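So you can see what is in the structure, the chains are spelled out below.
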Amino acid sequence: MSTGLRNMWDPWASSVPALVHASTLEPCADLAAAATRLAQAALADQYMVYEAAGGVWHFAAGSAVHLTAHPATITARAAGRTWTSPTDGRPLTAFADALAALSAAQDGARRHFYGWAAFELAHLLHADPGAAGDGPLLHALIPSVEVTLTGDRTVVRAVDEAWLRKVADLLAEPATRQLPPDGTTPDGTTPDGTTPDVTERIVAAGTAAYGSAVSRTVEDIRAGLLEKAVVSRKVPLPAGPPVDFPATYLAGRRANTPARSYLLDLGGHRAAGFSPETVLEVGENGRVSTQPLAGTRARGTDPAENERLRAQLLTDPKEIHEHAVSVRLAWDEMAAVCRPGSVAVEEFMAVRPRGSVQHLASRLTGRLRPDAGPWDAFASLFPAITATGVPKRSALQALARHEQGRRGLYAGAVFRGSTDGDLDAALVLRTLLGEGDETWLRAGAGVTAQSSPEREIEETCEKLHSVAPHLRYTTG
């Protein structure tokens, strides 16, 4: 970051209040429920719950300090003031510069931020800038209170004592009764009183149009325009009682086995999701890793059937090809920002259970070059190959042709990072999404030359079952 850019953001960074108050509380018996309770309390205009590696839950809330980047401008807010600057067509660079200024302003004290990146950022990074639109592409909250929940303690950090008391009082309240983990009430109905047939109607919505999009994409691939595209379909939820995002998150987390999970109301977006993979993980020591998942079969309650499908997945030529080309491109993207010779495939084509499905999974690791930071790695790896395709530019162009409307958060990223240089970004899949008065689900499938519309439709239905049966609705 140049001195000029650092100086430009110094007034904003200096206005960000430090988390100077801290307390350590007894551990919570149910970490997911405790984090959800904090979210339900509406402590501030914006919040995020982020389940990180190792079963650690983080909760962050605030409203006064945040950062939003559009394609042409970036806006920062703190202490009742607003700072706006042009991005010169590089919103991610401007975003990273602003966050970097926090470290110096806080006298080197570690500070966390929580945020999201919209899928449309990909068009500025890899394809056609005009396709990015003019909506927000990046948003970060620097919280007024941050809670870390682990099995042995609860740590609360805040800008003042009042926040500490609010959190302590909320966590001391007795837990309310939770619904069974299968997403139904004891009489077999869903929480809003409907039957499970409603779930099937939601999952099946729009399949005919999606099948046509798959067919057109296969034609593009066979014409040599690209190797693979992950074509998705949006499933708007029917009119009725509003969806309860925190309750849906808790019910869905009980039934899912995600790599990361998150619940947020942040920068105009709402989400409750169970991410199957990370876009990237960057440690303070410069170690970077990514976890491409590609290749899918259903996963249910019958162990024998799950094992049969697992064996089928490991021998299916289409699924193996889809996975291999994703790993190949992930290698290239890692090599672009890592020290020569440091990129390695630590795991190749394992099978990972992820809620209602199981995936082929690999993990690549490397060491960042001395001149590269976490946001350079993010720029190279975002959006995840497994949610776009190969080559990435051609896949983005194909998706613009064959999908309806913008993706927004879907296939973008939700992240938690720090001023010390670590960054953990989850891929936004298997997620309930909301913006304004609209709520929806979305799912995609990797389309290759061997794809059939029927199988890709089936795959999207399998993935939607990770969320749809666990929807909860507000009452009264």
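By convention here, each chain's residues receive numbers from 1 onward along its written sequence. Where totals are concerned, whole chains, interfaces and linings use all residues; where local detail is concerned, this predicted model gives features only for residues with pLDDT of at least 70, and gives and counts side-chain atom pairs only at 80 or more. Calculated side-chain values reflect all of the structure's heavy atoms, with hydrogen atoms and water omitted.

### Comments concerning the overall build of the chain
So, point 1. Strands here are runs of E lasting at least two residues and helices are runs of H or I lasting at least four, both read from the DSSP assignment and numbered beginning at the N terminus. Scanning the chain for helices and strands turns up 13 helices and 23 strands.
So, point 2. Dimensions along the principal axes, computed over C-alpha positions, put the chain at roughly 55 × 55 × 40 Å.
So, point 3. Buried means the residue's accessible area, taken with a 1.4 Å probe over protein chains only, is under 20% of the maximum for its type, while exposed means over 50%, and partly exposed covers the values in between. Expressed as a percentage of the 476 residues in the chain, the buried residues total 58%.
So, point 4. Contact between two residues is taken to exist if any of their heavy atoms lie within 4.5 Å; hydrogens are not considered. Taking the intrachain contacts of the chain between residues at least 6 apart in sequence as the baseline, contacts between residues at least 24 apart amount to 73%.
So, point 5. For accessible areas, the Shrake-Rupley method is used with a probe of radius 1.4 Å. Any residue's cover is judged against the shown protein chains and nothing else. For the chain, the accessible surface area stands at approximately 18200 Å², while carbon and sulfur atoms represent 52% of it.
So, point 6. As used throughout, the charge tally considers Lys and Arg to be positive and Asp and Glu to be negative, leaving His and the chain termini uncounted. To locate a charge, take NZ of a lysine, CZ of an arginine, CG of an aspartate or CD of a glutamate. Of the side-chain charges in the chain, 46 are positive and 54 negative, and the distance between the mean point of each set is 2 Å.

### Details of the packing of aromatic side chains
So, point 1. Two rings from Phe, Tyr or Trp (for Trp, the six-membered ring) form a pair when their centres are within 6.5 Å of each other. A pair whose planes differ by under 30 degrees is stacked, one over 60 is edge-to-face, and the rest are tilted. One pass over the full model with this rule turns up 11 aromatic pairs.
So, point 2. Ring centres of Phe113 and Phe415 lie 6.3 Å apart, and the angle between their planes is 75°; this geometry places the pair in the edge-to-face category. With Phe113 in strand 7 (residues 112-117) and Phe415 in strand 20 (residues 413-418), the pair connects residues that are 302 residues apart, well separated along the chain.
So, point 3. On the basis of relative accessible area, Phe113 is assigned to the buried category, the value being 3%.

### A short note on the packing of helix 3 (residues 91-105) against helix 11 (residues 374-381)
So, point 1. Where helices are involved, their axes are fitted lines through C-alpha atoms of the stretch in contact, as for all axes, and angles between N-to-C directions lie from 0 to 180°. Running from N to C, helix 3 and helix 11 cross one another at 155°; their axes reach a closest spacing of 10 Å. By the angle between their directions, the pair helix 3 and helix 11 is classed as roughly antiparallel. You can see that helix 3 and helix 11 cross each other, and the crossing is right-handed. Across from Leu92, Phe95, Ala96 and Leu99 in helix 3, the residues of helix 11 making contact are Trp375, Phe378 and Ala379.
So, point 2. A breakdown of the residues in the contact of helix 3 with helix 11 according to their chemical character gives seven nonpolar, no polar and no charged. For classification, angles of less than 35 degrees are called roughly parallel, those exceeding 145 degrees roughly antiparallel, those between 65 and 115 degrees roughly perpendicular, and all remaining angles oblique. The sense of a crossing depends on the near helix, which, turned anticlockwise from the far helix by less than a right angle, makes the crossing left-handed and, turned clockwise, makes it right-handed. Three classes are used, and their members are as follows: Ala, Val, Leu, Ile, Met, Phe, Trp, Tyr, Cys and Pro are nonpolar, Asp, Glu, Lys and Arg are charged, and the others, Gly among them, are polar.

### Considerations on the packing of helix 2 (residues 31-40) against helix 8 (residues 245-255)
So, point 1. Axis separation between helix 2 and helix 8 bottoms out at 9 Å; the angle between their running directions is 170°. As judged from the angle between their axes, helix 2 and helix 8 are roughly antiparallel. Taking contact as the criterion, the partners of Ala32, Ala33, Thr36 and Gln40 in helix 2 are, on helix 8, Pro246, Ala247, Tyr249, Leu250 and Arg254.
So, point 2. Its residues assigned to classes, the contact of helix 2 with helix 8 comprises six nonpolar, two polar and one charged.

### Things to note about the sheet that holds strand 10 (residues 154-158)
So, point 1. For two strands to count as paired, DSSP must find a minimum of two bridges between them. Strand order in this open sheet of 11 strands is 1-10-9-3-2-12-13-22-23-11-19, and the pairing throughout is antiparallel. Unpaired on one side and paired on the other, strand 1 (21-25) and strand 19 (389-390) mark the two borders of the sheet.
So, point 2. With two bridges connecting them, strand 11 (residues 228-236) and strand 19 associate as antiparallel partners. Across the sheet, the residue bridging to Lys228 is Val390, located in strand 19.
So, point 3. Most of the contacts of helix 2 go to strand 3 (residues 57-62), to which it runs at about 5°, and overall it touches strand 2 (46-51), strand 3, strand 9 (145-149) and strand 12 (260-266).

### Topic: helix 11
So, point 1. Counting buried positions along helix 11 gives six out of eight residues, so the element sits mostly inside the fold.
So, point 2. Taken residue by residue, helix 11 has Pro374, Trp375, Ala377, Phe378, Ser380 and Leu381 as its buried positions.

### As for the confidence of the model for the chain
So, point 1. The predictor attaches a confidence to each residue, called pLDDT, with possible values from 0 through 100. Model confidence for the chain is summarised by a mean pLDDT of 91, while 93% of its residues fall at 70 or above.
So, point 2. Per-residue pLDDT stays below 50 along residues 177-189; that stretch engages in 22 contacts with residues further than four places along the chain or on separate chains.

### A few points about the nonpolar core
So, point 1. Here, nonpolar core means buried Ala, Val, Leu, Ile, Met, Phe, Trp, Tyr and Cys residues that are tied together by side-chain atoms lying within 4.5 Å of each other. Ranked by size, the top nonpolar core spans 141 residues in total, and within it Trp12, Phe95, Leu280, Trp375 and Phe378 carry the most contacts.
So, point 2. The biggest single contributor to this core is helix 3, with eight residues.

### What about the pairing of strand 20?
So, point 1. Among the six residues in strand 20, six count as buried, and that is most of the element.
So, point 2. Alternating positions in strand 20 separate into two faces, Ala413, Phe415 and Gly417 on one and Val414, Arg416 and Ser418 on the other, with burial throughout.
So, point 3. Sheet topology note: the strand 7/strand 20 ladder contains six bridges and is antiparallel. For Ala117, the partnering residue across the bridge sits in strand 20 and is Ala413.
So, point 4. The pairing of strand 20 with strand 21 (residues 423-427) spans five bridges and is antiparallel. Each bridged residue has a counterpart across the sheet, and for Ala413 the counterpart in strand 21 is Leu427.
So, point 5. Linking strand 20 to strand 21, which pair antiparallel, is a turn of four residues; within it Gly421 sits at a positive phi near 105°.

### Observations regarding a nonpolar patch on the surface
So, point 1. Taken together, the side chains of Trp331, Val345 and Phe348 define a hydrophobic patch exposed on the protein surface, amounting to about 280 Å² of accessible area.
So, point 2. Topologically, Phe348 is positioned in strand 17 (residues 344-354).
So, point 3. Its relative accessible area of 48% is what places Phe348 among the partly exposed residues. Patch definition: residues with relative accessible area over 30% and no salt bridge; like charges joined within 9 Å; nonpolar side chains (Val, Leu, Ile, Met, Phe, Trp, Tyr) joined within 5 Å. A pairing counts as a salt bridge when a side-chain nitrogen of Lys or Arg comes within 4 Å of a carboxyl oxygen of Asp or Glu.

### Considering the side chain of His58
So, point 1. Mapped onto the secondary structure, His58 falls in strand 3.
So, point 2. Among residues more than four places away in sequence, those in contact with His58 are Met48, Val49, Tyr50, Ala52, Tyr114, Val147, Thr148 and Arg416.

### So, the pattern of salt bridges
So, point 1. Under the definition given, this model contains 33 salt bridges.
So, point 2. The salt bridge involving Glu403 is made with Arg407; its shortest N-O contact spans 2.8 Å.
So, point 3. For Glu403, a relative accessible area of 9% corresponds to the buried category.
So, point 4. Linking Arg442 and Glu403 is a salt bridge whose minimum nitrogen-to-oxygen distance equals 3.4 Å. With Arg442 in strand 23 (residues 438-447) and Glu403 in the loop between helix 12 (392-402) and strand 20, this pair connects stretches of sequence that are 39 residues apart.

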